[in-house]
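Analysis of the macromolecular model
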Amino acid sequence: MNGHLEAEEQQDQKSHQELTGSWGHGPRSTLYRAEAMAPPPLPLAASTPLLHGEFGSYPARGPRFALTLTSQALHIQRLRPKPEARPRGGLVLLDEVSGCCTLRSRSPSDSAAYFCIYTYPRGRRGARRRATRTFRADGAATYEENRAEAQRWATALTCLLRGLPLPGNGEITPELLPRPPRLLLLVNPFGGRGLAWQWCKNHVLPMISEAGLSFNFIQTERQNHARELVQGLSLSEWDGIVTVSGDGLLYEVLNGLLDRPDWEEAVKMPVGILPCGSGNALAGAVNHHGGFEPALGLDLLLNCSLLLCRGGSHPLDLLSVTLASGSRCFSFLSVAWGFVSDVDIQSERFRALGRARFTLGTVLGLATLHTYRGRLSYLPATVEPVSPTPAHGLPRAKSELTLVPNPAPPMAHSPLHRSVSDLPLPQPALASPGSPEPLPILSLNGGGPELAGDWGGAGDVPLSPDPLLPSPPDSPKAGLLSPMAEGPPEIPASSGPPPPTPDAQVAVSPWGPSDHLLPPLGTPLPPDWVTMEGDFVLMLAISPSHLGADMVAAPHARFDDGLVHLCWVRSGISRASLLRLFLAMERGSHFSLGCPQLGYAAARAFRLEPLTPRGVLTVDGEQVEYGPLQAQVHPGLGTLLTGPPGCPGREP
């Protein structure tokens, strides 16, 4: 079997290339951190062949294939028994691949090696489905030679998936691969109408195991549990912290990292989110950044899991919010007052409905629409004033300048409670689409999937894992952790997500960056600030593009644009017009409606002073004390696991 490797450098490099990391080499304490990330290598042309070879199939009596690997896809052409004029399933996009592995037959007489890839293509109805493709490397006389060929393909594919460079003219061997990244997964069993645990067990854990990622996970048991865990965590043992829940759990994690004496180093820990909650706003923005079509529910979870498997991070702006009491918290998402915060908090009693609670809350909010008097001041962004959309501008007044950016000491290690690592996770056998054979039962932490059963019927010897690299000696030890229960988490009958506490107090922390743009609350603002006062239906300060998985509040926003995007709606808007705004927000087209009550400004800092005695304020969907507050953007303070960037709308 012959293969060849060709490298073709791209001539034109983007002038504004995104800073994106990958699952790659680096010291444990700095791996995957923002300042340690180098710009990615120039991408190869999508059609440039990297590897080409002939493979058999499993079982051995199946057809033979010619495989061609490019930087974007694996091309499969059937050679025998009869070449296909129009190959079906002949293109496997790398965007849909979670991982791969090498396998060997349990029969001593079989000298072939096997190369297996795990894919999640879209079905006819648009939903993703899991499928595997297994190819037989049998061109050499000895198993060692066939194994080397299978490992060469698996190594090349893994490098492409993780954004690692391939040698221009050198040998592709498993030694190119670094140790598996170590992730700490925090799972909120109450998330997603209580489905978070099942989704995590049935979808997330198998997929990241296919990708060869090492992980532990913890089930959170109460409010602020995640914050307490990360405050006492030995961060050098991990390459990332991923929450499997809604936006609230990530809020706890980020504030816990910033509430440590070593916060300057701790906040560089990459964080990620796998959506199993109601709102899933940040996951919607990650999905958009990855180039996938808008998705909800399980489809959104699978998209974000695929991106996580690929590796890649992005600087994340954080908003430092100072409340009336002087306490401070950090936001990655939004600060809301008025209609948005009312719907968010009042719909908590409908949490069992999942994301439908927001629809019901919106209907009830429109029926009892309130206005709030207040004063909004902000420090305008130092960019050229342009309209959010080319077609329509927003109404302006002298006091309402609309600005929009151009598009484009070590801690003690606390034991991990109710967690799992390096333990086999029983999974039901899955059926490959169009094939009666059972698919692999997965083992965790990159141990390689094991093909259970006889894939071709009687006489076909099953395959066993043949890992590319041995497990690293410094991987998290299972002996330190308590085993995972076989069934769903046991939750006391009286427990559940605690109800929101009115005017909840945020703990005062001496840590975190200083707010050099903000004078003390209650003191006059500098003359370069813009101030407006009046009656408002809502005020929203948002950092990323999405307010919900399917609500694009700031379509031009980026994770690291250094801006907070202020949106407000003044009184006088009808209920029908307000409803039209939110319906248009699903497409990000609300600014093009020409609504005179809708206003927008891009800012670096802002102050909100409610003049109505009663109301609701939220930070990242969490209710905080009511009263004056102010906030400042800290550009790129955090690091978000986003996966590689893509072109929105690239999916068919």
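Residues numbered from 1 in each chain as written. Predicted model: local features only at pLDDT ≥ 70, side-chain atom pairs only at ≥ 80, totals over all residues. Heavy atoms only, no water.

As annotated in an unreviewed UniProt entry, the protein carries the name Sphingosine kinase 2-like and comes from Galeopterus variegatus.

This part takes up helix H10 (residues 575-585). The set of residues buried in H10 consists of Ser577, Leu578, Leu581, Phe582, Ala584 and Met585. Burial along H10 is one-sided: seen end-on, the buried residues are contained in an arc of 160°. (Buried < 20%, exposed > 50% of the residue type's maximum accessible area, 1.4 Å probe, protein only. Helix = DSSP H or I, 4+ residues; strand = E, 2+ residues; numbered from the N terminus. Arc of directions from axis to C-beta.)

Volume-wise, the largest cavity comes out at about 130 Å³. Along the walls of the largest cavity sit 13 residues, with Leu538, Cys567, Val569, Met585 and Leu598 positioned nearest its centre. If you list the elements that add at least two residues to the lining of the largest cavity, you get strand S18 (530-542), strand S21 (564-570) and H10. The leading source of residues in the lining of the largest cavity is H10, at four residues. Classifying every residue of the lining of the largest cavity by side-chain character gives 12 nonpolar, one polar and no charged. (1 Å grid on protein atoms, 1.4 Å probe; cavity = no way out; pocket = protein on both sides within 12 Å on 5 of 7 lines; lining within 4 Å. Points joined across faces, edges and corners; volume = space filled by probe spheres on them. Nonpolar A, V, L, I, M, F, W, Y, C, P; charged D, E, K, R; others polar.)

A few words on the side chain of Arg260. Residue position: Arg260 is located in the loop between helix H4 (247-257) and helix H5 (263-266). Separated by 2.9 Å, the side chain of Arg260 and the backbone oxygen of Leu233 make a polar contact. (Polar contact = N/O pair within 3.5 Å; in protein donor to acceptor, adjacent residues only side chain to side chain.)

On to the nonpolar core, then. With 95 residues, the main nonpolar core has Leu185, Ile241 and Phe606 as its most contacted residues. In terms of residue count, helix H7 (residues 297-310) provides more of this core than any other element does, eight residues in total. Not counting the four nearest positions on each side in its chain, Leu185 is found in contact with Val204, Leu205, Ile208, Phe215, Asn216, Phe217, Ile218, Val242 and Val244. Leu67, Val97, Phe135 and Tyr143 belong to the second largest nonpolar core, which has 30 residues in total. (Core = buried A, V, L, I, M, F, W, Y, C linked by side-chain atoms within 4.5 Å. Contact = heavy atoms within 4.5 Å.)

Along the chain, Thr618 turns up in strand S23 (residues 617-619). Owing to a relative accessible area of 2%, Thr618 belongs among the buried residues under this scheme. Among all residues touching Thr618, those that are not within four sequence positions of it are Ser334, Val335, Ala336, Ser341, Ile345, Gln623 and Val624.

Here we come to the pattern of salt bridges. Under the counting rule described, the total for this entry stands at 17 salt bridges. For the salt bridge of Arg222 with Glu228, the shortest nitrogen-to-oxygen distance reads 2.5 Å. We classify Arg222 as partly exposed; its relative accessible area is 44%. For the salt bridge of Glu609 with Arg375, the shortest nitrogen-to-oxygen distance reads 3.4 Å. The buried category is assigned to Glu609, whose relative accessible area is 17%. (Salt bridge = Lys/Arg side-chain N within 4 Å of Asp/Glu carboxyl O.)

The next thing to look at is the pairing of strand S1 (residues 51-57). Of all seven residues making up S1, five are buried, and the element is well covered by its neighbours. Sheet topology places S1 next to strand S2 (residues 64-69); five bridges connect them, and they run antiparallel. Following the sheet pairing, His52 is matched in S2 by Thr68. Remark: six residues form the turn of the hairpin made by S1 and S2, two consecutive strands paired antiparallel. Pairing analysis gives two bridges linking S1 to strand S7 (residues 131-137), with the strands arranged antiparallel. Across the sheet, residue Ser57 finds its bridge partner in S7, namely Phe135. (Pairing = 2+ DSSP bridges.)

Another aspect to go through is the packing of helix H6 (residues 281-289) against H7. Remark: H6 packs on H7, axes separated minimally by 10 Å, with the N-to-C direction vectors making an angle of 60°. Regarding the angle of H6 to H7, the classification is oblique. For the pair H6 and H7, the crossing hand works out as left-handed. Seen from H6, the contacting residues are Ala283, Val286 and Asn287; seen from H7, they are Leu300, Asn303, Cys304 and Leu307. (Axes fitted to C-alpha atoms, helices over the stretch in contact; angles between N-to-C directions. Parallel < 35°, antiparallel > 145°, perpendicular 65-115°, else oblique. Left-handed = near helix turned anticlockwise from the far one by under 90°.)

Further remarks concern the pairing of S18. Two faces belong to every sheet, and in a regular strand the side chains alternate between them. Of all 13 residues in S18, 10 are buried; the element is thus mostly enclosed. Bridge count between strand S14 (residues 334-338) and S18: five bridges; the pairing is antiparallel. Among the inter-strand pairings, Gly338 is bridged to a residue of S18, identified as Leu538. Judged from the seven bridges that link them, strand S15 (residues 372-380) and S18 form a sheet pairing that is antiparallel. When the sheet's bridge partners are listed, Tyr372 is paired in S18 with Phe536. Of the strand pairs in this sheet, S18 and S21 are connected by six bridges, and their pairing is antiparallel. Each residue of the ladder has a partner; that of Ala541, found in S21, is Leu566.

All right, on to H4 then. Summarising burial for H4: 10 of the 11 residues are buried, a large majority. All buried positions along H4 are accounted for by Asp247, Leu249, Leu250, Tyr251, Glu252, Val253, Leu254, Asn255, Gly256 and Leu257.

Okay, the packing of aromatic side chains next. Within this structure, the stated rule accounts for 12 aromatic pairs. Relative to Tyr114, the ring of Tyr58 lies with its centre 5.4 Å away and its plane at 85°, an arrangement referred to as edge-to-face. With a gap of 56 residues between them, Tyr58 in the loop between S1 and S2 and Tyr114 in strand S6 (residues 113-119) connect regions that are remote in the sequence. Here the aromatic residues Phe55, Phe65, Phe115, Phe135 and Trp153 are joined through ring pairs into a cluster of three or more. The ring centre of Tyr143 lies 4.2 Å from the NZ or CZ of Arg104, which sits over that ring. One Lys or Arg, Arg128, reaches over the ring of Phe292 and ends 5.1 Å from the middle of that ring. (Phe/Tyr/Trp six-rings, centres within 6.5 Å; stacked < 30°, edge-to-face > 60°. Lys NZ or Arg CZ within 6 Å of the ring centre and 35° of its normal.)

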